[in-house]
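For reference, the chains in residue letters:
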Amino acid sequence: MGAGVVTCLMIVVIILNAFAAAAGLALFAVAIWVAVDGYKLYPISGVSGKDDIFAAAWIAIFTGFAFFLTCMFGIFAALKRSRALIMVYLIIMFIIFLFECASAITAATNRDYLVGNSNLVKKQMLQYYADNSTQGKQITQTWNRVMEQAECCGTDGPKDWLDYASTFKQNFGQTSIWPINCCKRRSDFEVDDREGCSVGKSSAMFTKGCFQYIESVLSRYTWAVSWYGFSVLMLVFFTLVIAMIYYMQLD
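Residues numbered from 1 in each chain as written. Predicted model: local features only at pLDDT ≥ 70, side-chain atom pairs only at ≥ 80, totals over all residues. Heavy atoms only, no water.

Observations concerning the overall build of the chain
Of regular secondary structure, the chain possesses 10 helices and 0 strands. From first element to last, N terminus to C terminus, the chain shows the α and β order α-α-α-α-α-α-α-α-α-α. By the compact-globule yardstick of 18 Å for 251 residues, the chain is too spread out, its C-alpha radius of gyration being 25 Å. With respect to the three principal axes, the spread of C-alpha positions in the chain is 85 × 35 × 25 Å. A burial count over the chain gives 46% of its 251 residues as buried. Summarising the internal contacts of the chain: among those between residues at least 6 apart in sequence, 74% fall at separations of at least 24. When the 19 positive and 18 negative side-chain charges of the chain are each reduced to one mean point, those points stand 4 Å apart. (Helix = DSSP H or I, 4+ residues; strand = E, 2+ residues; numbered from the N terminus. Rg over C-alpha atoms; globule rule 2.2 N^0.38 Å. Buried < 20%, exposed > 50% of the residue type's maximum accessible area, 1.4 Å probe, protein only. Contact = heavy atoms within 4.5 Å. Lys, Arg positive; Asp, Glu negative; His and termini not counted. Charge placed at Lys NZ, Arg CZ, Asp CG, Glu CD.)

Listed below in structure tokens is the structure:
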């Protein structure tokens, strides 16, 4: 193959690696966003032992930055036209590629487990809300925050607290039908109508369930780690193919 074609391949490899490096940095950033858990929903995932979305985020932090560094090395290797350096680049990229595959698949499958239906989330809420254990306190704080921010009550609705046995009902069933966080509040965050809320007036309490909110947040996390990760993998795969062709044409 002529020197001109080899030069064209080199330019394509450099351009693809530049895009892949930028994509790797973006993956690094979104994975940090997931790992930080701005919506504070980790306890709902963690108490089930299915916190793989966050584990996948930590893997993606590593792979995203590793893609960036390795792509920079790939640009250097392409400019040097060194078969040895290109081979090292290909091996490292392939290893990182496998790690990112694991991250993306883990996040996608874990999301399906958590939000495939509301029963798992509901079971955790009924078991741990108002419990005095460490996990119970974390779950209670999380659900209080969710119910206030999303203006919702229970998993599928307020009837969750009535229809099922729960730790909350066991501890407070004599005085409260549902948590005080199910009640609507004024602008000063005080309960608007405590008596109306206690008897279930729709004007005094939140009537929708929180599952849709939880599902949407976990889906955002999954899109950030998994589906964006898959798109980066497609770009990296194409880059690897072109780099292999370039490697085979070098003397």
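Focus on unusual backbone geometry
Of note in this structure, aspartate 37 is not a glycine but carries a positive phi near 60 degrees. Looking at the element boundaries, aspartate 37 is found in the loop between α1 (3-36) and α2 (42-46). Phi is positive for glutamate 151, close to 50 degrees, though the residue is something other than glycine. Considering the arrangement of structural elements, one finds glutamate 151 in the loop between α6 (134-150) and α7 (160-163).

A look at the state of the cysteines
For the structure on display, the rule yields 3 disulfides. One disulfide in the model links cysteine 153 with cysteine 182; its S-S distance is 2.0 Å. Negative torsions about the S-S bond denote left-handed disulfides, and the value of about 75 degrees found for cysteine 153 with cysteine 182 makes this one right-handed. Pair noted here: cysteine 153 is in the loop between α6 and α7 and cysteine 182 is in the loop between α8 (167-172) and α9 (194-198), with a separation of 29 residues, a long-range link. Accessibility expressed as a relative area gives 0% for cysteine 182, which makes it buried. (Disulfide = S-S within 2.5 Å.)

As for the environment of tryptophan 143
Position of tryptophan 143 relative to the elements: it lies in helix α6. A sequence separation of 60 residues divides tryptophan 143 from arginine 83, and the C-alpha atoms of the two residues are 57 Å apart.

Description of the side chain of serine 226
With respect to the secondary-structure elements, serine 226 resides in helix α10 (residues 211-249). The exposure class assigned to serine 226 is buried, which follows from its relative accessible area of 0%. If we ignore the near neighbours within four places in the chain, the residues touching serine 226 are Ala104, Ala107 and Ala108.

Regarding the packing of aromatic side chains
Within this structure, the stated rule accounts for 15 aromatic pairs. Where phenylalanine 28 meets phenylalanine 65, the ring centres are 5.4 Å apart and the plane angle is 40 degrees; that geometry is what we call tilted. Of this pair, phenylalanine 28 sits in helix α1 while phenylalanine 65 sits in helix α3 (residues 52-80); the two residues are 37 residues apart in sequence, bridging distant segments of the chain. The exposure class assigned to phenylalanine 28 is partly exposed, which follows from its relative accessible area of 25%. A residue is classified by how much of its surface remains accessible, and phenylalanine 65, at 36% relative accessible area, is partly exposed. Aromatic rings pair up to connect Trp33, Tyr39, Tyr42, Phe54 and Tyr221 into one cluster. For arginine 83, the ring lying beneath its charged end belongs to tyrosine 247, and the centroid distance is 4.2 Å. (Phe/Tyr/Trp six-rings, centres within 6.5 Å; stacked < 30°, edge-to-face > 60°. Lys NZ or Arg CZ within 6 Å of the ring centre and 35° of its normal.)

Structural notes on the environment of leucine 240
As for its placement among the helices and strands, leucine 240 is situated in helix α10. Separated by 116 residues in sequence, leucine 240 and glutamine 124 have C-alpha atoms that sit 44 Å apart. Those residues in contact with leucine 240, other than ones at most four positions away along the chain, are Leu90 and Met93.

Regarding the environment of serine 219
Following the sequence through the fold, serine 219 ends up in helix α10. For the pair serine 219 and lysine 123, spaced 96 residues apart in sequence, the C-alpha to C-alpha distance is 20 Å.

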